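# Remarks on the overall topology
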Amino acid sequence: MANLPILQFEDKILETVDQNTVAVIIGETGSGKSTQLSQILHRSGYTKAGIIAVTQPRRVAAVSVSRRVAEELGVRLGDEVGYAIRFEDRTSERTCIKYLTDGVLLRESLSDPELKQYSVIILDEAHERSLNTDILMGLMKRLIRLRASNLKVLITSATLDGEKVSRFFSDCPILNVPGKLFPVEILYSSEQPKSYIDSSLRKAIDIHVNEPEGDILIFMTGQDDIEKLVSKLEEKIRNLEAGSCMDAIVLPLHGSLPPEMQVRVFSPPPRNCRRFIVATNIAETSLTVDGVVYVIDSGYVKQRQYNPSSGMYSLDVVQISRVQANQRAGRAGRTRPGKCYRLYPSAVYHDDLLDATVPEIQRSSLAGSVLYLKSLDLPDIDILKFDFLDAPSSETLQDALKQLFLIDAIDENGTITAIGKTMAELPLEPSLARTLIEANECGCLPQALTIAAMLSVEGTLLPGRSKSTDKKRKHPPSELPDGSGWGDHIQLLQIFELWDQTDYSIDWCKDNNLQVRGMLFVKDVRKQLSQIMQKIAKGSLDVKRKERRRDSQHDYRSLRKALCVGYASQLAERMIHHNGYRTLGFKCQLVQVHPSSVLRTDDDGMLPNYVVYHELISTSRPYMRNVCEVEMQWVTPILHKLEKLNVSKLSGGSDQSEEKTTVNSDFPKKVGPIDDSSSRIQAARERFLARKTNK
Ligand code: CDP
Ligand code: MG
């Protein structure tokens, strides 16, 4: 620790912070920004006036870095050093260094816009350009004007274009912490891999057999690929002739790794044993694993991309940017000279890769963020003109406003409503927050809380329902309820209620192939959400689940209605005579129910006429994931509302000319199933295009 590069700059850092309200600190990954900066400021007394907050875009990083800092300071995690991530707060009154996700800090600014408890706010890992960090940067710009005398803001980054951030903050100083990186030899493949899993496997074994000691870090795109490669590697290693090379262990590293597995990655390896660390891009900059000498870079990353005109997310494996490729390579030179094997030709690196990664704010739905900004109650703010480091497209902002309008969070003038304010207090995406409020009105809050909790847990709860594949469950667990035909939300509810009847038995989860940790987390999240709802309604809520169970036996009507209100911008209508759907409300999109869904067809083999969906995602083709049957009479008022929509008024801008948007032209004038022949042709075309892009 003593030789971390950043420590040699302690005086310079303190001087800069002392003389400036904002500063940018750039330092190579592993130079000690995340773990040391807070301690440097703590040592020199900045925690006397308040807490030092350090934001992290990733939950795993907040947990792992705070654990490390607590260790270095010799304190118990949660005492002087703690962390706060959504649904998990490990801080106490004594906490003076607090690691938190950027989302949590954003939420805290709702109840305390001046963030008075903090003396220093460090926006860490700013190069990741996460949506929430970008919004925080905009808010910090306002905040430093209000609190110039008693707040310090630091923005730290490994690769960020420091000049740009400095300009954003009226030319604040930039401090460069030169890292000591050893040279890394870059080796290119002669052609693009057919399968990057197999190419990585071959390369890794090749290194293991032929190269001297040193850990191997392999960049994969996601948890599924990681798991595949881990098991292939383990098999290959087992089959190597005994004694032909040193021992080896294979370790996965990704965002939803259980804590005991994370610890394994950060604890020192056994002697004379090579580690294969198979990681997502989390190991690019936010987590540093020591001991890596070889890096295998597939050249790909999995990226979520939102299309505001269709309301659809796609989860695409895309080429990394050059900045990312360089970061990955750098991981090999931390302790001694290393090698980076790029599984693609050098021409690809030079000609095909983008310079930098597209910031998340330009590829996400902004409904949640815009709701925050609206509820912050900043004087005369025009969302379309908010000061962003890189502005999102106006199409995305308008899409967010439309969504918020449809779920009653803002009125037709773009002013936040009472409902919207309540929604913003819930740590949930707008659709689920709205569902809870509606459910409270119609007496089914207990069930809605369960559904919101089940949907809020990261990772997968149910067997064989991996988030990133389209596979059907191979062995549908017969014991588990099936949503009684109403769809996935109801199934999630029924599963939790069954578990509740077993008094939360761990064995029951195991018998039914449910993730134990995930289910326990759901229970905890449900309790927290229920407490927040109680607080909002000042104790007048009906959250006693058991008394309400009788209603659950039937058609779940009030619950499905509440879901319909919450998912008002996520509606779809079935096309006559076949089981394809088209989305309503936004640009018409032809979609299918995801194969993992439990939504049932009727006796004629037909799916329900109307459904709401939790998510629209385009993997091999456009799918609605987590769907629930709703009734046409609930859909009609939503479509009427759409007709009234005027985006420029919604944005709260001064320009209130009667410019109607084009959304209306795409949804049916007459509510009801649409003309079949044209929709069929359209559906066929969609299928063709989906197949084509898939090739
Ligand atoms: O933030 P930055 O990339 O500049 O570095 P850091 O995360 O502060 O890491 C500094 C050093 O602490 C590295 O050598 C890490 O390997 C080590 N570290 C660790 O061993 N365990 C952690 N949970 C976090 C950091
Ligand atoms: Mg860091």
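Because the structure is predicted, anything quoted here is derived from the model rather than measured.

### Some details on the site of ligand 1
Close contacts around ligand 1 come from 15 residues, with G30, K33, S34, T35 and R334 the closest. In the model, an oxygen atom of ligand 1 is placed 2.9 Å from a nitrogen or oxygen of the G32 main chain. In this structure, an oxygen atom belonging to ligand 1 sits 2.8 Å away from a side-chain N or O atom of R68. Protein chains shield 93% of the accessible area of ligand 1, which is 530 Å² for the free molecule. The element that contributes the greatest number of residues to the shell around ligand 1 is helix α2 (residues 33-43), accounting for 3 residues. Its residues assigned to classes, the shell around ligand 1 comprises 2 nonpolar, 8 polar and 5 charged. Both of domain 1 (5-177) and domain 2 (184-361) provide at least three residues apiece to the shell around ligand 1.

### So, the packing of aromatic side chains
Within the structure shown, the criterion is met by 9 aromatic pairs. With a centroid separation of 4.8 Å and an interplanar angle of 65°, the aromatic rings of F386 and F388 are classed as edge-to-face. Each member of the pair, F386 as well as F388, is classed as buried. Directly above the ring of Y313 sits R304, whose terminal nitrogen or CZ lies 3.9 Å from the centroid.

### Considerations on the confidence of the model for the chain
Scored by pLDDT, the chain comes out at a mean of 86, with 87% of its residues at no less than 70. Here residues 543-552 is a poorly scored stretch, pLDDT under 50, and it has 27 contacts once near neighbours within four places are set aside; other chains count. Per-residue pLDDT stays below 50 along residues 654-678; that stretch engages in 45 contacts with residues further than four places along the chain or on separate chains.

### What to know about the packing of helix α4 (residues 102-111) against helix α5 (residues 131-146)
Packing of α4 against α5 leaves a shortest axis separation of 9 Å and a crossing angle of 40°. Between α4 and α5, the angle is such that the two are oblique. α4 and α5 meet at a crossing whose hand is left-handed. Two secondary-structure elements touch here, α4 through D102, G103, L105, L106 and S109 and α5 through N132, T133, I135, L136, L139 and M140. Of the residues that constitute the contact of α4 with α5, the class distribution is 6 nonpolar, 4 polar and 1 charged.

### Examining the packing of helix α12 (residues 367-375) against helix α13 (residues 394-406)
Direction vectors running N to C along α12 and α13 enclose 75°, while the axes themselves pass 8 Å from each other. Taken together, the axis directions place α12 and α13 in an arrangement best described as roughly perpendicular. Of the residues in α13, those touching α12 at A367, V370, L371 and K374 are L397, A400, L401, Q403 and L404. Across the contact of α12 with α13, the residue classes tally to 7 nonpolar, 1 polar and 1 charged.

### Some thoughts on the pattern of salt bridges
Under the defined criterion, the tally for this structure stands at 30 salt bridges. A salt bridge links D112 to K116, with the shortest nitrogen-to-oxygen separation between them at 3.2 Å. The closest approach of N and O atoms between D290 and R334, which form a salt bridge, is 2.7 Å. With D290 in the loop between β12 (273-279) and β13 (292-297) and R334 in the loop between α10 (322-330) and β16 (338-342), this residue pair connects regions lying 44 residues apart in the sequence. According to the relative accessible area criterion, D290 is partly exposed, its value standing at 45%. The exposure class assigned to R334 is buried, which follows from its relative accessible area of 18%. A single network of salt bridges, built from pairs that share partners, joins R76, D79, E80 and R94.

### What to know about the coordination of the magnesium ion (ligand 2)
The magnesium ion (ligand 2) binds to the protein through S34 (OG) and E125 (OE); the donor distances cover 2.0 to 2.1 Å. One end of the pair, S34, is in helix α2; the other, E125, is in the loop between β6 (118-123) and α5, with 91 residues separating them in the sequence. Across this residue pair, the class does not change: S34 and E125 are buried.

Criteria and thresholds
- Within any chain, residue numbers begin from 1 and follow the written order of that chain's sequence.
- Each chain is given a letter, starting from A, and each ligand a number, starting from 1, according to the order in which they appear as written.
- Local features are withheld for residues below a pLDDT of 70 in this predicted model, meaning they are given only at 70 or higher, and side-chain atom pairs are given and counted only at 80 or more; totals for whole chains, interfaces and linings count all residues.
- For side-chain calculations, the full set of non-hydrogen atoms in the structure is used, while hydrogens and water are omitted.
- A molecule or strand has a residue near it when one of that residue's heavy atoms lies within 4 Å.
- Think of a polar contact as two N or O atoms within 3.5 Å of one another; within protein, one of them needs to be a possible hydrogen donor and the other a possible acceptor, and neighboring residues in sequence only count if both atoms come from side chains.
- Accessible surface is estimated by sampling points in the Shrake-Rupley manner with a 1.4 Å probe; for residues, cover comes only from the protein chains shown.
- The numbering of helices and of strands both runs from the N terminus, where a helix is a DSSP run of H or I of at least 4 residues and a strand a run of E of at least 2.
- Charged residues are taken to be Asp, Glu, Lys and Arg, nonpolar residues to be Ala, Val, Leu, Ile, Met, Phe, Trp, Tyr, Cys and Pro, and polar residues to be all remaining types, Gly included.
- In this entry, domain limits derive from an automatic or database-based domain assignment.
- A pair of Phe, Tyr and Trp rings is counted when the ring centres sit within 6.5 Å of each other, with Trp represented by its six-membered ring. The angle between the planes then sorts it: under 30 degrees is stacked, over 60 is edge-to-face, the rest tilted.
- The cut-offs for exposure are 20% and 50% of the maximum accessible area for each residue type, with area from a 1.4 Å probe on protein chains only; residues under the lower value are buried, those over the upper are exposed, and the others partly exposed.
- Note on criteria: charge over ring means Lys NZ or Arg CZ within 6 Å of the ring centre, with the direction from the centre no more than 35 degrees off the ring normal.
- By definition, pLDDT measures how confident the predictor is in each residue, and it falls between 0 and 100.
- Throughout, a residue-residue contact means that at least one pair of heavy atoms, one from each residue, lies within 4.5 Å.
- The axes are straight lines fitted to the C-alpha atoms, using for helices just the contacting stretch, and the angles between their N-to-C directions are given from 0 to 180°.
- Roughly parallel covers angles under 35 degrees, roughly antiparallel covers those over 145, roughly perpendicular covers 65 to 115, and oblique covers all other angles.
- Should the near helix be turned counterclockwise from the far one by less than a right angle, the crossing is left-handed, whereas a clockwise turn marks it as right-handed.
- Salt bridges are identified by distance alone: a Lys or Arg side-chain nitrogen within 4 Å of an Asp or Glu carboxyl oxygen.
- Each metal's donors are the N, O and S atoms within 2.8 Å of it, or within 3.2 Å when it is Na, K or Ca, and because water is not part of the set, sites may look incomplete.

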